[in-house]
Amino acid sequence: MRLAVLASGTGSILEAIVDAGLPVHLVVTDRPCGALDLAASLGISTRIVERDSFGDDFDRNAYTVDLVDVLVKAGTDLIAMAGFGTILAKPAYDKFADRILNTHPALLPAFPGWHSVAEAMVHGVKVTGCTVHVATLEVDSGPILAQEAVSVLPDDDEESLHERIKMVERRLYPETIRAVLENRTLLMGEYA
Ligand code: GAR
């Protein structure tokens, strides 16, 4: 199985995936970012499929078609989103149905979206966590593969809480990807 990672941020989750010995054959980012630099420094093939807009004129479908083309040409079997900052459109899920994984810094279905750590804090929850799931067209709502709780501490701010969640993600996400690669978890349309 050829594993591609999509990222937009610092790349700390990507680094954990690589450190776990998973066979990352390609890293694609949507912008220049730490994850891109990290992948290059590790000798992994990289591609930027750069967004031309973050506004209302962004053509999400055309962007997704370009990204899918890169992934298909690289012979990708499985995709792991690791803090990827662009919501993908239907062509991605048509081509890679049940083969796109995501890690999210909250206990889904609570706090979907881009501000999940801040929203959990504003809501005053005492426990949050992370979720590894199969990505689907509806954002942050695909079948859940793994979850783990993280306590919110009295003196937490968004940064400290997110960092503790990421410490869990750096273990749980590689473990779950490995299980998928080794066929030890339900995937490929096996859900009831
Ligand atoms: C991770 O916490 C991941 O769950 C989150 O971005 C972070 C990436 O960290 N993804 C999302 O919020 C997607 N909705 P990194 O840049 O340090 O690898």
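Residues numbered from 1 in each chain as written. Predicted model: local features only at pLDDT ≥ 70, side-chain atom pairs only at ≥ 80, totals over all residues. Heavy atoms only, no water.

1. Considerations on the overall build of the chain
1) Next: When its secondary structure is counted, the chain shows 6 helices and 7 strands.
2) Next: Its helices and strands in sequence order give the chain the pattern β-α-β-α-β-α-β-α-β-α-β-β-α, from N to C terminus.
3) Next: Radius of gyration (C-alpha) of the chain: 16 Å, near the 16 Å computed for a compact globule of 192 residues.
4) Next: A principal-axis box enclosing the C-alpha atoms of the chain has dimensions of 50 × 40 × 35 Å.
5) Next: For the chain, the computed accessible surface area is about 9,200 Å², with 52% contributed by carbon and sulfur atoms.
6) Next: Of the charged side chains in the chain, 16 are positive and 28 negative; the average position of the first set lies 5 Å away from that of the second. (Helix = DSSP H or I, 4+ residues; strand = E, 2+ residues; numbered from the N terminus. Rg over C-alpha atoms; globule rule 2.2 N^0.38 Å. Areas by Shrake-Rupley, 256 points an atom, 1.4 Å probe, with all protein chains shown as cover. Lys, Arg positive; Asp, Glu negative; His and termini not counted. Charge placed at Lys NZ, Arg CZ, Asp CG, Glu CD.)

2. Some details on the side chain of aspartate 30
1) Next: Note that aspartate 30 resides in the loop between strand S2 (24-29) and helix H2 (34-41).
2) Next: Polar side-chain contacts of aspartate 30 include one of 2.8 Å to the side chain of serine 8.
3) Next: At 2.6 Å, the side chain of aspartate 30 and the side chain of threonine 86 are in polar contact.
4) Next: Setting aside anything within four residues of it in sequence, one finds aspartate 30 in contact with Ala7, Ser8, Ile48, Val49, Glu50, Arg51, Tyr63, Phe84, Gly85 and Thr86. (Polar contact = N/O pair within 3.5 Å; in protein donor to acceptor, adjacent residues only side chain to side chain. Contact = heavy atoms within 4.5 Å.)

3. Overview of the pattern of salt bridges
1) Next: Applying the stated criterion across every chain, the model contains 7 salt bridges.
2) Next: The shortest N-O distance in the salt bridge between arginine 171 and glutamate 148 comes to 2.5 Å. With arginine 171 in helix H6 (residues 158-181) and glutamate 148 in strand S7 (residues 144-151), the pair connects residues that are 23 residues apart, well separated along the chain.
3) Next: Glutamate 148 gets classed as partly exposed once you look at its relative accessible area, which sits at 25%. (Salt bridge = Lys/Arg side-chain N within 4 Å of Asp/Glu carboxyl O. Buried < 20%, exposed > 50% of the residue type's maximum accessible area, 1.4 Å probe, protein only.)

4. Some points on the packing of aromatic side chains
1) Next: Using the criterion set out here, one finds 1 aromatic pair in the structure.
2) Next: Their ring planes at 55 degrees and their centres at 5.6 Å tell us that phenylalanine 58 and tyrosine 63 sit as a pair that is tilted. For the pair shown, phenylalanine 58 and tyrosine 63 are each scored as buried.
3) Next: Positioned above the aromatic ring of phenylalanine 58, the side-chain terminus of arginine 51 is 3.8 Å from the ring centre. (Phe/Tyr/Trp six-rings, centres within 6.5 Å; stacked < 30°, edge-to-face > 60°. Lys NZ or Arg CZ within 6 Å of the ring centre and 35° of its normal.)

5. Quick notes on the nonpolar core
The nonpolar side chains of a soluble globular protein tend to be buried, and buried together.
1) Next: Ranked by size, the top nonpolar core spans 39 residues in total, and within it Leu3, Val5, Ile17, Leu101, Tyr173 and Ile177 carry the most contacts.
2) Next: Sort the elements by how many residues they give to this core and H6 lands first, with 8 residues.
3) Next: Among residues more than four places away in sequence, those in contact with leucine 3 are Ile17, Leu22, Pro23, Val24, His25, Leu26, Leu78, Ala80 and Ile177.
4) Next: If you look at the next biggest cluster of nonpolar residues, it comprises 21 residues, including Tyr63, Leu67, Ala74 and Tyr93. (Core = buried A, V, L, I, M, F, W, Y, C linked by side-chain atoms within 4.5 Å.)

6. Considering the site of the ligand
1) Next: Around the ligand sit 14 residues, and of these Thr10, Ser12, His162, Lys166 and Glu169 come closest.
2) Next: Contact distances for the ligand include 2.6 Å between an oxygen atom and a side-chain N or O atom of serine 12.
3) Next: A distance of 2.7 Å separates an oxygen atom of the ligand from a polar side-chain atom of histidine 162.
4) Next: Bound to the protein, the ligand loses 91% of the 450 Å² it would expose on its own.
5) Next: Contributions of two or more residues to the shell around the ligand are made by helix H1 (12-19), strand S5 (100-104) and H6.
6) Next: Of all the elements, H6 adds the most residues to the shell around the ligand, at 3 residues.
7) Next: Across the shell around the ligand, the residue classes tally to 3 nonpolar, 9 polar and 2 charged. (Near = heavy atom within 4 Å. Nonpolar A, V, L, I, M, F, W, Y, C, P; charged D, E, K, R; others polar.)

7. Brief notes about a negative patch on the surface
1) Next: A cluster of acidic residues, Glu50, Asp52, Asp56, Asp57 and Asp59, forms a negative patch at the surface.
2) Next: The residue aspartate 56 is located in the loop between strand S3 (46-48) and helix H3 (60-73) in this model.
3) Next: On the accessibility criterion, aspartate 56 (86% relative accessible area) is exposed. (Patch = residues over 30% accessible without salt bridge, like charges linked within 9 Å, V, L, I, M, F, W, Y side chains within 5 Å.)

So yeah, pure geometry; function would need other evidence.
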